[in-house]
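# Structure assessment
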Amino acid sequence: MALTTETDVSAKPDTPKISLKSVYKVFGERPEKALELFRSGKSKAEVHAQTGNSIGVSNATFDIHAGEIFVIMGLSGSGKSTLLRLLNRLIEPTSGSIEIDGHDITGMSRSELIALRRRDISMVFQSFALLPNRSVLNNAAFGLEVAGMAEAERKKRARAALDAVGLAGYAESRPDQLSGGMKQRVGLARALASEPTILLMDEAFSALDPLIRTEMQDELVRLQSEHSRTIVFVSHDLDEAMRIGDRICIMQDGEVVQVGTPDEIVMQPTNDYVRSFFRNVDVSQVFKAGDVARKTQVTIIERQGVSVAAALERMKNFDRDYAIILGRDKTYHGMVSQASLVDKVRARDPDPYRSAFLPEVEPIPAEEPLSNVLGRVASSPWPVPVVDQRNRYLGSISKAVLLETLDRAN
């Protein structure tokens, strides 16, 4: 049996699906002159006064990882929708590079860009934009029809997409027979029918009633768990961003001021503008158990060769009353205390580790919202272990960690 006291190891970054480098968008005539003035140190107001041009996006530089839901948010006029449309060149960038899978799309010809959009990128707008004289099925298949796909194949894909969003039974209905939430599902199905690797969504749920909006957010997360895509989602709704976003990009006056996970932005806001977004956020609703788990407990990997006495000595050296028992693959087996181990050794138990497990300890799933475990951690006499979907140990949450998290957020 080997003894370790584990420390956090930073994960390797995800593969960038989309990469922006120094991207600018200037609206108006002679944008190059306006950009030159802006880069020389003139303010946006001064540039507009001299040229009549507006700086829509300024020096956007960040990566979007493959398979994540990346939310862009900011106040009205911050440039978030402009930035989204730059990603598929519905709006042409003035300067900079936008790479998708390592290929700079700013240099693509029109035919290459059309092929990229048909093959890899779909877009969902706030407006449902359904054709009232077409069935739900034919609305879902419309993009494939425009692309020239044969009728049998496009309807097959459209039916599969409708099934994915829960509308298989409405294929022959007309849009006016559907609720608002169902219409937006048709719009989503139309985007999914082309089987894109990138899904761009511009305020897609903002026109829906709050309850339906929440249902659509859950639907999006469910679809993402079944078929991971890279989703770039524009929103002005903080709750929505925190609910669905793997990472959030905050924009202010055309500039990207911070990119990070919800907990990174809540705990370490870049400036007062970002801080104002999250001032009244309940962090217990934002964080999950895995976000705050710490690997500060002694862990024991079950194998032959190390006595219980050595394990007890290690626990004393690290001033720990409890230890986590793991398998060779880091799966969680149980928790023991100094007292439970001593009792089993004195009783000459042939398997003192397993028999010394504390029966009241149940690990917490990493995805469990922190709000759901506050009472449990607060009332537990020991740090509560946290495990992933494969039952691998990720760390523990103690009362001290819990209080520190809530205090830092406040």
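Rules used in this analysis
Residues numbered from 1 in each chain as written. Predicted model: local features only at pLDDT ≥ 70, side-chain atom pairs only at ≥ 80, totals over all residues. Heavy atoms only, no water. UniProt positions renumbered as here; feature names shortened; annotations may be inferred. Axes fitted to C-alpha atoms, helices over the stretch in contact; angles between N-to-C directions. Helix = DSSP H or I, 4+ residues; strand = E, 2+ residues; numbered from the N terminus. Left-handed = near helix turned anticlockwise from the far one by under 90°. Contact = heavy atoms within 4.5 Å. Nonpolar A, V, L, I, M, F, W, Y, C, P; charged D, E, K, R; others polar. Pairing = 2+ DSSP bridges. Buried < 20%, exposed > 50% of the residue type's maximum accessible area, 1.4 Å probe, protein only. Lys, Arg positive; Asp, Glu negative; His and termini not counted. Salt bridge = Lys/Arg side-chain N within 4 Å of Asp/Glu carboxyl O. Polar contact = N/O pair within 3.5 Å; in protein donor to acceptor, adjacent residues only side chain to side chain. Phe/Tyr/Trp six-rings, centres within 6.5 Å; stacked < 30°, edge-to-face > 60°. Lys NZ or Arg CZ within 6 Å of the ring centre and 35° of its normal. Core = buried A, V, L, I, M, F, W, Y, C linked by side-chain atoms within 4.5 Å. Domains from an automatic or database assignment. Parallel < 35°, antiparallel > 145°, perpendicular 65-115°, else oblique. Arc of directions from axis to C-beta.

If you look the protein up in an unreviewed UniProt entry, it shows as Quaternary amine transport ATP-binding protein from Ciceribacter selenitireducens ATCC BAA-1503. Per UniProt, the comment on the protein under Sequence similarities (unreviewed entry) is "Belongs to the ABC transporter superfamily."

## Here we look at the packing of helix α1 (residues 31–39) against helix α2 (residues 44–51)
At a minimum axis distance of 9 Å, the contact between α1 and α2 shows a crossing angle of 145 degrees. In this structure, α1 crosses over α2, and the sense of that crossing is right-handed. Of the residues in α2, those in contact with K33, A34, L37 and F38 of α1 are K44, V47, Q50 and T51. Taken together, the residues of the contact of α1 with α2 break down into four nonpolar, two polar and two charged.

## Brief notes about the sheet that holds strand β16 (residues 384–387)
One open sheet holds the three strands; their spatial order is β15-β16-β17, and the pairing between them is mixed. Each end of this open sheet is capped by a strand with a single partner; those strands are β15 (364–365) and β17 (393–397). Sheet analysis places β16 next to β17, joined by four bridges and oriented antiparallel. Looking at the pairing, V384 lines up with I397 of β17.

## Notes on the side chain of K25
Along the chain, K25 turns up in strand β2 (residues 16–27). Buried within the structure, K25 lacks any salt-bridge partner; E92 is the closest side chain of opposite charge, at an N-O distance of 7.3 Å. Within the structure, K25 has its side chain in polar contact with the backbone oxygen of E92 (distance 2.8 Å).

## Some points on the packing of aromatic side chains
Counted by the stated rule, this structure contains four aromatic pairs. Aromatic side chains Y24 and F38 sit 6.4 Å apart centroid to centroid with 75 degrees between the ring planes, which places their arrangement in the edge-to-face category. Highlighted residues: Y24 in strand β2 and F38 in helix α1, separated in sequence by 14 residues. Centre to centre, the rings of F62 and F70 are 5.3 Å apart; their planes meet at 15 degrees, and the pair counts as stacked. Look at F62 and you get buried, because its relative accessible area is 8%. Here the basic side chain of K25 rests over the ring of F27, its NZ or CZ set 5.3 Å away from the ring centre. When the ring centre of Y24 is taken as origin, the NZ or CZ atom of R39, which lies over that ring, is 4.7 Å away.

## Points about the nonpolar core
Within the largest apolar cluster, 64 residues are counted, with the highest numbers of intra-cluster contacts made by L188, M201, F233, I250, F278 and I397. Lining this core are residues from two domains, each supplying at least three of them: domain 1 (18–274) and domain 2 (290–408). If you look at the next biggest cluster of nonpolar residues, it comprises 28 residues, including F62, F70, I105 and C249.

## Some thoughts on the pattern of salt bridges
A complete count under the given rule lists 19 salt bridges for this structure. Here D218 ties to R243 by a salt bridge, and the two come within 2.4 Å at their closest N and O atoms. Here the residue D218 occupies a position in helix α9 (residues 210–226), and R243 occupies one in helix α10 (residues 238–244), the gap between them amounting to 25 residues. In this structure R243 comes out as partly exposed when scored by relative accessible area, which is 41%. Among the charged side chains, a network of salt bridges with common partners joins R185, E219, R222 and E226.

## A short note on the domain arrangement of the protein
Per the domain assignment, the segments making up the protein are domain 1 (18–274) and domain 2 (290–408). Inter-centroid distance (C-alpha atoms) of domain 1 to domain 2 is 43 Å.

## Quick look at the environment of D246
With respect to the helices, strands and loops of the structure, D246 is situated in the loop between α10 and β10 (247–252). With a relative accessible area of 38%, D246 lands in the partly exposed category. Each C-alpha atom of the pair D246 and A189 lies 22 Å from the other, and the pair is 57 residues apart in sequence. Separated by 2.7 Å, the side chain of D246 and the backbone nitrogen of I69 make a polar contact.

## Remarks on the packing of helix α7 (residues 151–164) against helix α8 (residues 180–193)
Two measures define how a pair of helices packs: the angle their axes make with one another and the distance between the axes. Two numbers describe how α7 lies on α8: the axes approach to 8 Å, and their chain directions differ by 130 degrees. By the criterion of interaxial angle, the relationship of α7 to α8 is oblique. Judged by the twist between their axes, the crossing of α7 over α8 is right-handed. Across the interface between the two elements, R157, A158, A161 and L162 from α7 touch A189, L192 and A193 from α8. Split into classes, the residues belonging to the contact of α7 with α8 amount to six nonpolar, no polar and one charged.

## Notes on the environment of A147
Looking at where A147 falls in the secondary structure, it is placed in the loop between α6 (142–146) and α7. A relative accessible area of 34% means that A147 is categorised as partly exposed. The sequence separation of A147 and S225 amounts to 78 residues, and the corresponding C-alpha distance is 28 Å.

## Looking at α1
Considered for burial, the residues of α1 that qualify are P31, A34, L35, L37 and F38. Buried residues of α1, seen end-on, are gathered within an arc of 160 degrees and therefore sit on one face of the element. Of the exposed residues in α1, the ones pointing more than 90 degrees away from its buried face are E32 and E36. Tucked into the core, α1 has its buried residues touching β2, α2, β3 (54–65) and β5 (95–100). Directly beyond the C-terminal end of α1, a positive phi value near 115 degrees is found at G41.

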